[in-house]
Amino acid sequence: MGSLESGVSMKKDQNLGRVSSFSSSRIERSQKPRTRFPRFWLPKRLGYLQWICTIVVFSLFLVVFEAFLPGSVVERQEHAKGKWEFGGFGDLSYLKEIVGFEFGEGLRVKPSRVLAKLQKESRERNVSSWFERGVRFGYRKPQIALVFADLEVDRYQILMATVGAALVEIGYAIEVLSLKDGPSRPVWRRMDVPVTIIQPNDHPGLFVDWLNYDGILVNSLEAKVFLSGLAQEPFKPLPVIWTIHEKPLASHVTHFSLNGKAEITNNWKKSFSRASVVVFPDYALPMIYSPFDAGNYHVVPGAPTEACEADSLVLSEESTLRNNIGIRHEDLTIAVVGSQFSYKGMWLDHALVLRALTPLLTEFSSETNASSRLKIFVLAGDKNSNYTVAVEAISNSLRYPKDVIKNVGGDELEDDILRLASIVVYASLLEEESFPNILAKSMCFGKLVITPNLRMIQKYVDDRVNGYLFPKDDLNALTMIVSEVVSANQLSPLARNVALIGKQTGRNLLVSEAVEGYASLLEGILVFPSEVAPPKSVAEIPSKNKREWLWIIFKNISSSARRNRTSLSSISLDQIQDHENNGGIEKTDAVPAGDEAFVYSIWEEEKEIQTINMRKKREEEELKDRSDQPRGTWEDVYRNAKRVDRLKNDLHERGDGEIERTGQPLCIYEPYYGDGTWPFLHMTSLYRGIALGTRGRRPAVDDFDASSRLPLLSDSYYRDILGEFGAFFAVAYRIDRVHKNSWIGFQSWRLTARKAALSKTAEQSLVDAIQARKHEDALYFWMRMDSDLRNPLKQDFWSFCDAVNAGNCRSAFSDSFKKMYGIKHDEDALPPMPVDEGTWSTMHSWALSTRSFQEFVMFSRMFVDAMDAQMYDEHHRTGHCCLSLYKDKHCYSRVLELLINVWAYHSARKMVYVDPESGSMQEQHSLKSRRGQMWVKWFSFATLKSMDEDLAEEADSDHPKRWLWPLTGEVVWDGVLEKERNLRHQQREKRKKESRAKTERIKRRNHQKVIGKYVKPLPEEKEKGNTGGATAGR
């Protein structure tokens, strides 16, 4: 596994991730070299007699081992001075020197290195940010999305509510997204957190604009459906943290592998690899999910899982449980628990703990039916292991009565036994990296816990305050503790008080670790734009947010509304797999399980028919090539070829959208990149999509590929750095071939996601204004700068531009204009953009006349070329850009987004805002208020056309250096037109010359002389000949 390392090889149980001690011992013994002597004497199969002999030998070994312990049970009972005065165990550290005796040292789990890697990357980003000397403005808070499958009250809701409250305190803004509504929705509203319920559909992740968030926290396996949308462009770069607490998927993986459904397993692997970090609450779950590990596993200890499970189990009937298990109310029940990991010395730990509990036999020996008053349950192994045999052997060797000790394996009765137990003894001496889950659950049940003083346990358990601790190398202390807490065959009042305090501790265990763990992850994984205010450090989280889980905000929700997430996850996993089996994204009819064989036979028959048809078609083609085909003359071939060329354009079948757009005054283009944008694109004739990437183009839709029209966009570097602005160059390049309307518009797909796109009313209002020429040659826009989410403070034009471009927008504009117009460096070249009551356009959502659009593209090509000449070398080499604090592949896009405003304002065009809902229009920055502020001379068509021709003439002279301008559109000037005319004249003269040469060849062709001449006879001679023939016949 990429993110976890273990000291020994382990075999995971399919439910808990435990490792059978006997299985691991056999594996280790099998790795040692074997001699031929045992192979010679041992038979191939062990009989029942040999198995019984093995158990007897093992029991004798335990008896011998007990004899070497300091004192035996009998001796201590005979020489006891009082009821609990026995010989001590002494120091057990010498047992480590005996081969095979290990006290929790056979397994070592190392924590994940993901956080350290993220922190290193964060430090490198900070260093590079300082090197670039960018400015952070902090106009808005970082946005975090908390994604749930539903809003039922469960461990995820409590965990994320606690973590979310802490994140809000240090400067984050959070929003909740869920597939289903639930009782938790009012809780989030009381926390002033917006909640969005996504309408159910096949893939809900596709209907969310994830670019609105700086980070995403996905919770539970059920929320896996959201990752399908996050795995598509343009959402792939977003950081995603996936929190998983469930275990049922492990058994599903085994089922899929056995049934040959590798595609489902691969689908899960893709989901796990899509997450930036997969977070687990303990170190056992990463081992269970090791088949899906992509090196992004991380453990954040702490979750209210045990407390939630304890609350749900307390509701069940206790008397029914006692009858099922066989425990009476007056019985003293002790649960001996251990680590969720298994190791070679686990049975030895259990034997020593049971040895320390033997004095209880004296306490209950004076009572009648003593064996029924004391119950000890050893929770170890699993239901398929043979650990019960080992426990019975230990019990017999320690002379426990038959019905006192019982081994329970697996999770079936674990919770019930913990709930009915009076004392829980933690018997594992394994040093773990997190607090044991079973110990936390016992504390949440309100049980008295007795545990060794392990490093991770004594951090949260105070001796004789909320539990009891004993030295792990001295089991005398365990015996003394048991003598204190048991009084009159039941717990003493002091022990009950300690258990009550432990319950409160268990319900709020590891809160600080969880809150700080998630905050540290976000701190290391998130990259904030320059307009985002950085959050406070993890150390500044208030202590009140790390003291306890937010149980109080969920207290008014009835317990019946709280569901068991484990059973719920099992059901939802089955539903997910059924959905994937039925075709994933495609909607197909469900097939009953009983008809699988029938469907498979139909599929086999269809496949065989297709194979036969393909073979027959191939044979017919081969026979057709071998047979003689009738061919016409060369004149017929030439005539047919010309006919095909002439009818080539006439055979083009236009789609319905293209036909409907014919005659419309306006066509609005929607640039997009990736499959994730498809749900936000329109399908009406007023709109047409522009695919910036060939792979993400919508099928069976009248979209066109931008890279096929403009080869520059085939380069991923310029496609990313220009963003949606590259679509303008693609449309403007030989515009008559793709756009035939008098007006042209553009709209970002993100407006549809924000519900800010043009409504039907606004569309009709815009078309009517264009047809009536209400505002003449104006710029219509419908996304206001003061409504942009990046501008909550409603800053002016240049302040907003600086905020989203690391404070370097003004300098970038000024330097580009100086290079573009050849202005001296000591002069001011920043066009003024006044601060008045008007607003500006953002997010590429505007409409222009086609002629004005071509003029704007002419200006934009020169501006982009000037800016690229200054920034390309550094950005292409290092990835750093002065317009961003960190490495940014979309460097130019935010400046180009606002360029339309500068051109429209200074070219004296009206700027009209269109309300996207009502369609009402309002002119911004009237022409009268602009007088004396516009740079009309620099933005006039004559100036721009003259500059364009100069650049075209320079490009036509085979300019050797790297130059962006010729690659962004057409290169046209008078010299080019003259060259084209000369080329056409030369081609025409060449064709005429070839025609004359052909005629001359025909004339000079040698003709064969006539061999003889046929003379037609006269009619009289022909009649005489006929008459003579008739007479001779008579």
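First, a word on what this report is: a plain description of the structure on this page. One numbering rule holds for all chains: residues counted from 1, following each sequence as written. The model is predicted, so local features are restricted to residues of pLDDT at least 70 and side-chain atom pairs to those at 80 or more, both for listing and for counting; the totals for chains, interfaces and linings are taken over all residues. Heavy atoms from the whole structure form the basis of all side-chain values; hydrogens and water molecules are not counted.

## Quick word on the overall build of the protein chain
Now for step 1: Counting from the N terminus, the helices are the DSSP runs of H or I reaching at least four residues and the strands are the DSSP runs of E reaching at least two. Scanning the protein chain for helices and strands turns up 41 helices and 25 strands.
Now for step 2: Buried residues are those whose accessible area, probed at 1.4 Å on protein chains only, stays under 20% of the maximum for their type, while exposed residues exceed 50% and partly exposed ones sit between those limits. Counting over 1034 residues, the protein chain shows a buried share of 50%.
Now for step 3: Relative to all contacts within the protein chain whose residues are 6 or more apart in sequence, the contacts with residues 24 or more apart total 75%. Note on definitions: a residue-residue contact is assigned when non-hydrogen atoms from the two residues lie within 4.5 Å.

## A short note on the side chain of Asp703
Now for step 1: Tracing the chain through its elements places Asp703 in the loop between strand S19 (687-691) and strand S20 (704-705).
Now for step 2: Here a polar contact means two N or O atoms within 3.5 Å. Within protein one must be a hydrogen donor candidate and the other an acceptor candidate, and residues neighboring in sequence count only if both atoms are side-chain atoms. In this structure the side chain of Asp703 is engaged in a polar contact, spanning 3.1 Å, whose partner is the backbone nitrogen of Gly689.
Now for step 3: Within the structure, Asp703 has its side chain in polar contact with the side chain of Arg698 (distance 2.8 Å).
Now for step 4: Not counting the four nearest positions on each side in its chain, Asp703 is found in contact with Tyr672, Arg688, Gly689, Arg697 and Arg698.

## Observations regarding the environment of Leu230
Now for step 1: Its location among the elements puts Leu230 in helix H8 (residues 224-230).
Now for step 2: Distance from Leu230 to Val240, taken between C-alpha atoms, is 8.4 Å for residues ten residues apart in sequence.
Now for step 3: Here Leu230 is in contact with Trp210, Ile216, Val218, Phe235, Lys236, Val240 and Arg274, once residues within four sequence places are set aside.

## Quick look at the packing of helix H34 (residues 850-878) against helix H36 (residues 899-906)
Now for step 1: Between the N-to-C directions of two axes lies an angle of 0 to 180 degrees, each axis being a line fitted to C-alpha atoms and, for a helix, fitted only over the stretch in contact. Relative orientation of the contacting elements H34 and H36 amounts to 120°, with a least axis distance of 11 Å. Put simply, H34 runs oblique to H36. Our pair here, H34 against H36, has a crossing hand that is right-handed. For the pair formed by H34 and H36, the contact residues are Ser852, Glu855, Phe856, Phe859, Ser860 and Phe863 on the first element and Leu899, Ile900 and Trp903 on the second.
Now for step 2: For this classification, the nonpolar set comprises Ala, Val, Leu, Ile, Met, Phe, Trp, Tyr, Cys and Pro, the charged set comprises Asp, Glu, Lys and Arg, and every other residue, Gly included, is treated as polar. Looking at the contact of H34 with H36 residue by residue, the classes come out as six nonpolar, two polar and one charged. Orientation categories follow fixed angle ranges, with anything under 35 degrees roughly parallel, anything over 145 roughly antiparallel, 65 to 115 roughly perpendicular, and all other angles oblique. If you view the pair so one helix is near and one far, a crossing is left-handed when the near helix is turned anticlockwise from the far one by less than a right angle, and right-handed when it is turned clockwise.

## Concerning the sheet that holds strand S3 (residues 143-148)
Now for step 1: If you trace the seven strands from one edge of the open sheet to the other, you get S5-S4-S3-S6-S7-S8-S9, paired in parallel fashion. Looking at the sheet topology across the chains shown, the edges are occupied by strand S5 (195-197) and strand S9 (297-299). Each strand of the sheet is rotated relative to its neighbour by a mean of 25°, with strand direction disregarded.
Now for step 2: Note: strand S6 (residues 215-219) against strand S7 (residues 240-243), four bridges, orientation parallel. What sits directly across from Asn219, in S7, is Thr243.
Now for step 3: The sheet strands contacting helix H10 (residues 262-274) are S7, strand S8 (277-280) and S9, and the helix crosses S7 at an angle near 120°. The pairing criterion for strands is at least two bridges between them, as found by DSSP.

## Some details on the pairing of strand S4 (residues 173-178)
Now for step 1: The buried fraction of S4 amounts to six of the six residues, a majority that puts the element mostly inside the structure.
Now for step 2: The alternating pattern of S4 places Ala173, Glu175 and Leu177 and Ile174, Val176 and Ser178 on opposite faces, both of which are buried.
Now for step 3: Sheet analysis places S3 next to S4, joined by six bridges and oriented parallel. Each bridged residue has a counterpart across the sheet, and for Ile144 the counterpart in S4 is Ile174.
Now for step 4: We call a crossover right-handed when, viewed with the strands running away from us, the connection from the first strand over the helix to the second turns clockwise. With helix H6 (residues 155-169) bridging S3 and the parallel S4, this β-α-β connection has right-handed handedness.
Now for step 5: Of the pairings in the sheet, the one linking S4 to S5 comprises three bridges and is parallel in character. Directly across from Ser178, in S5, lies its bridge partner Ile197.
Now for step 6: Chirality of the crossover, the property in question, places the unit of S4, helix H7 (residues 185-190) and S5 among those that are right-handed.

## Regarding the state of the cysteines
By definition, a disulfide links the sulfur atoms of two cysteine residues through a covalent bond.
Now for step 1: Disulfides are defined in this document as cysteine sulfur pairs within 2.5 Å. Evaluation of the coordinates by the stated rule reveals two disulfides.
Now for step 2: The disulfide partner of Cys881 is Cys891, and the gap between their sulfur atoms is 1.7 Å. Of the two residues, Cys881 sits in the loop between H34 and helix H35 (893-897) while Cys891 sits in the loop between H34 and H35, which places them ten residues apart along the sequence. There is no split in this pair, since Cys881 and Cys891 are both buried.
Now for step 3: In the protein chain, the bonded cysteines, taken in the order they occur along the sequence, pair up as 1-2, 3-4.

## A closer look at the sheet that holds strand S11 (residues 374-379)
Now for step 1: Spatially, six strands are ordered S12-S11-S10-S13-S14-S15 in an open sheet, and the strand pairing comes out parallel. In the strand order of this sheet, the two ends are held by strand S12 (405-408) and strand S15 (468-470), each with one partner. Each strand axis lies, on average, 20° off the axis of its neighbour in the sheet, ignoring direction.
Now for step 2: Relative to S12, S11 runs parallel, the two sharing four bridges. Residue pairing for S12: Phe377 is matched across the bridge by Lys406.

## Concerning the pattern of salt bridges
Should their charged atoms come close, side chains of opposite charge can pair.
Now for step 1: A carboxyl oxygen of Asp or Glu within 4 Å of a side-chain nitrogen of Lys or Arg is what we treat as a salt bridge. For the structure on display, the rule yields 22 salt bridges.
Now for step 2: We note a salt bridge from Arg790 to Glu897, for which the minimum N-O separation is 2.7 Å. Of this pair, Arg790 sits in the loop between strand S22 (778-781) and helix H32 (797-804) while Glu897 sits in helix H35; the two residues are 107 residues apart in sequence, bridging distant segments of the chain. An identical accessibility class is assigned to Arg790 and Glu897; each is buried.
Now for step 3: Note that Arg909 is salt-bridged to Glu855, the shortest N-O span being 2.9 Å. Here the residue Arg909 occupies a position in the loop between H36 and strand S24 (910-914), and Glu855 occupies one in helix H34, the gap between them amounting to 54 residues. For the pair shown, Arg909 and Glu855 are each scored as buried.
Now for step 4: Several salt bridges converge on common partners, so that one network encompasses Arg140, Asp214 and Glu531.

## As for a nonpolar patch on the surface
Now for step 1: Taken together, the side chains of Trp634, Val637 and Tyr638 define a hydrophobic patch exposed on the protein surface, amounting to about 380 Å² of accessible area.
Now for step 2: By secondary structure assignment, the location of Val637 is in helix H25 (residues 634-646). A patch is a set of surface residues, each over 30% in relative accessible area and not in a salt bridge, joined within 9 Å for like charges and within 5 Å for the nonpolar side chains Val, Leu, Ile, Met, Phe, Trp and Tyr. Using the Shrake-Rupley algorithm and a 1.4 Å probe, accessible areas are obtained, with residue cover drawn only from the displayed protein chains.

## Some details on H34
Now for step 1: The seven residues ending at a residue and the seven starting there each receive a fitted axis; the angle between those axes is the bend at that residue. Where H34 bends most, at Met871, the angle is about 55°.
Now for step 2: Positive backbone phi, approximately 85°, marks Gly879, located one or two places after H34.

## A word on a negative patch on the surface
Now for step 1: Taken together, the side chains of Glu619, Glu620, Glu621 and Glu622 define an acidic patch exposed on the protein surface.
Now for step 2: Following the sequence through the fold, Glu620 ends up in helix H24 (residues 596-626). The charge count includes Lys and Arg as positive and Asp and Glu as negative, but it does not include His or the ends of the chains. Lysine's charge is taken at NZ, arginine's at CZ, aspartate's at CG and glutamate's at CD.

## Let's talk about the packing of aromatic side chains
Now for step 1: Only Phe, Tyr and Trp rings take part, Trp by its six-membered ring, and two of them pair if their centres are within 6.5 Å. Stacked means planes under 30 degrees apart, edge-to-face means over 60, and tilted covers everything else. Per the counting criterion, the structure on display carries 46 aromatic pairs.
Now for step 2: Centroid distance Phe235 to Trp749: 6.1 Å. Interplanar angle 75°. Geometry classified as edge-to-face. Residue Phe235 is located in the loop between H8 and S7, and its partner Trp749 is located in helix H30 (residues 749-753); the two are separated by 514 residues in the primary sequence. In this pair, the class of Phe235 matches that of Trp749, namely buried.
Now for step 3: The interplanar angle of 15° and the centroid separation of 5.0 Å between the aromatic rings of Phe272 and Phe292 together place this pair among those described as stacked. One end of the pair, Phe272, is in helix H10; the other, Phe292, is in the loop between helix H11 (285-288) and S9, with 20 residues separating them in the sequence. Grouping residues by exposure puts Phe272 and Phe292 together as buried.

## A look at H32
In an α-helix, one turn spans 3.6 residues, which is why side chains three or four residues apart end up on the same side.
Now for step 1: Extensive coverage of H32 is indicated by the burial of eight of its eight residues.
Now for step 2: All of the buried residues in H32 are Phe797, Trp798, Ser799, Phe800, Cys801, Asp802, Ala803 and Val804.
Now for step 3: Contact partners of the buried residues in H32: helix H33 (809-821), H35 and H36.
Now for step 4: Once H32 ends, the next one or two residues include Ala806, with phi positive near 55°.

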